[in-house]
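Summary of the model geometry
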Amino acid sequence: MAVEPALSALTPGAFSGTVLRSDFAVFDRPTRSGKRLVFLDAAASAPKPRTVVDTMADAYSHHYANVHRGIYELSEDATGLFEAARGKVAAFIGAPSKREIVFVRNATEAINLVAYSWGRANVHSGDRVVTTQLEHHANIVPWQQLTAEVGATLDYVAITDDGRLELDDLREKLGNGPKLLAVAAVSNALGTINPLAEIVKMAHEAGALVLVDAAQAAPHMPIDVAALDCDFLALSGHKMLGPSGIGALWGRRELLDAMPPFMTGGSMITKVTMEGAEWNEVPHKFEAGTPAIVEAIGLGAAIDYLTNLGMDAVREHERYLFERAWPALGEIPGVRRFGPNDAETHAGVISFVLDGIHPHDVATVFDSEGVAVRAGHHCAQPVMLRYDIPATTRASFYVYNDLDDIDALTSAVRATQTLFAG
Ligand code: PLP
């Protein structure tokens, strides 16, 4: 039988979400329902603190020019801010060098970059790649495309009834000698925190490289690529309080150096003749064209904000909310929750269904209560397949959420059940 966390064992959150709400202008806006906005959809995209918006407005107003090219003050100024943002990303994930940080649009592009560049150069007919049934489509489809194109095989690690990776199955799949394991640090559909250190060790012992999809982990918990010992890591700025249109790929320097470019054009070359071109060094080799300059600077401001809170404290705060929300939902008859039952291995993402009510209807009623949640397959259809459901309703927490939001969540569940019972 599932064991609920003991309420008496809970400690207060590391900081109060109530205080942080005022850092986010979106909470000033009235809702259609006239109720307090309870935002529980950070896993899709997070609101932006004022400091990110202000930093970007200032960059556009006073520091904007194209980067890396201009021999004049404004361009040097913009380049300095842009490159400082790269350094902030590197420090945030424990990368040994900021040259290992490639700016991309989002985690999807980061994974595609590896699948196209490293994948097409290293995965050949008869080879294997391993991913898992727990992944977001962004960490499945690029590998499906790669393996289909080169005649390789894609294996999927199975998931348990409570939403964990089957480690025995992983061991078996790794036993076939794959070139790469592509795995999420945290599942966006179930909230599962994977035991990454153990997984990376197992993969390396089997001779596979490891790409970590950190789209749901980087915003919510400390990440240290050096300690983790992975080979590639992908993240999206918009999920970690930064703007959309900017994300990062981290890769080991020697891997990035050996990889061919993904896109070609300006900035990524050192020399172009009519016969051919020579590539710039990393990370510029992978940054063709004018980058998302102000978005990168905005991501830097988001990282400053998170670093100021402390990523241990962010994780602690979300664990505190999870430890209340999970049993509170479990106490309501007709609620089926998905994912691990313990706060150690479950991030601030709770997927659930209400008996007899479609998740889209649930989200619609929630909206009328001022509660913003996501309903659907969460771009993780293989997960839905595993539990034989079309969709779930998903509540995801972040730094601005507080206990009132958890009360609003459970009240919205009861209101929905009452409405559909009537
Ligand atoms: N990986 C995971 C685990 C995600 O949750 C998401 C987005 O929800 C992605 C990848 C893709 O992120 P993006 O759409 O920012 O590229």
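For the structure itself, consult the block above.
1. Section: the environment of Pro30
Take Pro30: it is sitting in the loop between α1 (17–21) and β1 (38–39). Considering only alpha carbons, one finds Pro30 and Asp407, 377 residues apart in sequence, at a separation of 19 Å.

2. Some remarks on empty space enclosed by the protein
Here the idea is plain: a probe the size of a water molecule rolls over the atoms and shows the empty space left. Overall, the coordinates contain one cavity of 30 Å³ or more when judged by the stated rule. Roughly 50 Å³ of volume is contained in the largest cavity. Counted by class, the lining of the largest cavity contains six nonpolar, four polar and one charged residues.

3. Some points on the site of the ligand
The ligand sits among Asn106, Ala107, Thr108, His136, Ala138, Asn188, Asp213, Ala215, Gln216, Ser236, His238 and Lys239. Measuring from an oxygen atom of the ligand, one finds a side-chain N or O atom of Asn106 at 3.5 Å. Within the contact set of the ligand, an oxygen atom lies 2.5 Å away from a side-chain nitrogen or oxygen of Thr108. Here the ligand, which alone exposes 390 Å², has 89% of that area covered by the protein. Judged by the proximity of its atoms to the pocket grid, the ligand belongs to the largest pocket. Residue composition of the shell around the ligand, grouped by class: three nonpolar, seven polar and two charged.

4. Regarding helix α4 (residues 107–122)
If you check α4, its first and last C-alpha atoms are 21 Å apart, about what 16 residues at 1.5 Å a residue would give, namely 22 Å. Within the span of α4, buried status applies to Ala107, Glu109, Ala110, Ile111, Asn112, Leu113, Val114, Ala115, Ser117, Trp118 and Gly119.

5. Focus: the nonpolar core
Membership of the largest hydrophobic core comes to 83 residues, with the highest contact counts inside it found for Ile93, Leu233, Met240, Leu241, Tyr398 and Val399. Per-element tally for this core: the top contributor is helix α10 (residues 293–309), with 10 residues. Membership of the second largest hydrophobic core comes to 29 residues, among which are Val102, Ala152, Leu256 and Met259.

6. Quick word on the side chain of Gln216
Here Gln216 lies in the loop between β6 (209–213) and α8 (225–228). With a relative accessible area of 6%, Gln216 lands in the buried category. A distance of 2.9 Å separates a polar side-chain atom of Gln216 from the backbone oxygen of Ala43. Every residue in contact with Gln216, bar those within four places of it in the chain, is listed here: Ala43, Val186, Asn188 and Lys239.

Calculation rules
- Residues numbered from 1 in each chain as written.
- Predicted model: local features only at pLDDT ≥ 70, side-chain atom pairs only at ≥ 80, totals over all residues.
- Heavy atoms only, no water.
- Helix = DSSP H or I, 4+ residues; strand = E, 2+ residues; numbered from the N terminus.
- 1 Å grid on protein atoms, 1.4 Å probe; cavity = no way out; pocket = protein on both sides within 12 Å on 5 of 7 lines; lining within 4 Å.
- Points joined across faces, edges and corners; volume = space filled by probe spheres on them.
- Nonpolar A, V, L, I, M, F, W, Y, C, P; charged D, E, K, R; others polar.
- Near = heavy atom within 4 Å.
- Polar contact = N/O pair within 3.5 Å; in protein donor to acceptor, adjacent residues only side chain to side chain.
- Areas by Shrake-Rupley, 256 points an atom, 1.4 Å probe, with all protein chains shown as cover.
- Sits in = over half its atoms within 2 Å of the grid points.
- Expected span 1.5 Å × (residues − 1).
- Buried < 20%, exposed > 50% of the residue type's maximum accessible area, 1.4 Å probe, protein only.
- Core = buried A, V, L, I, M, F, W, Y, C linked by side-chain atoms within 4.5 Å.
- Contact = heavy atoms within 4.5 Å.

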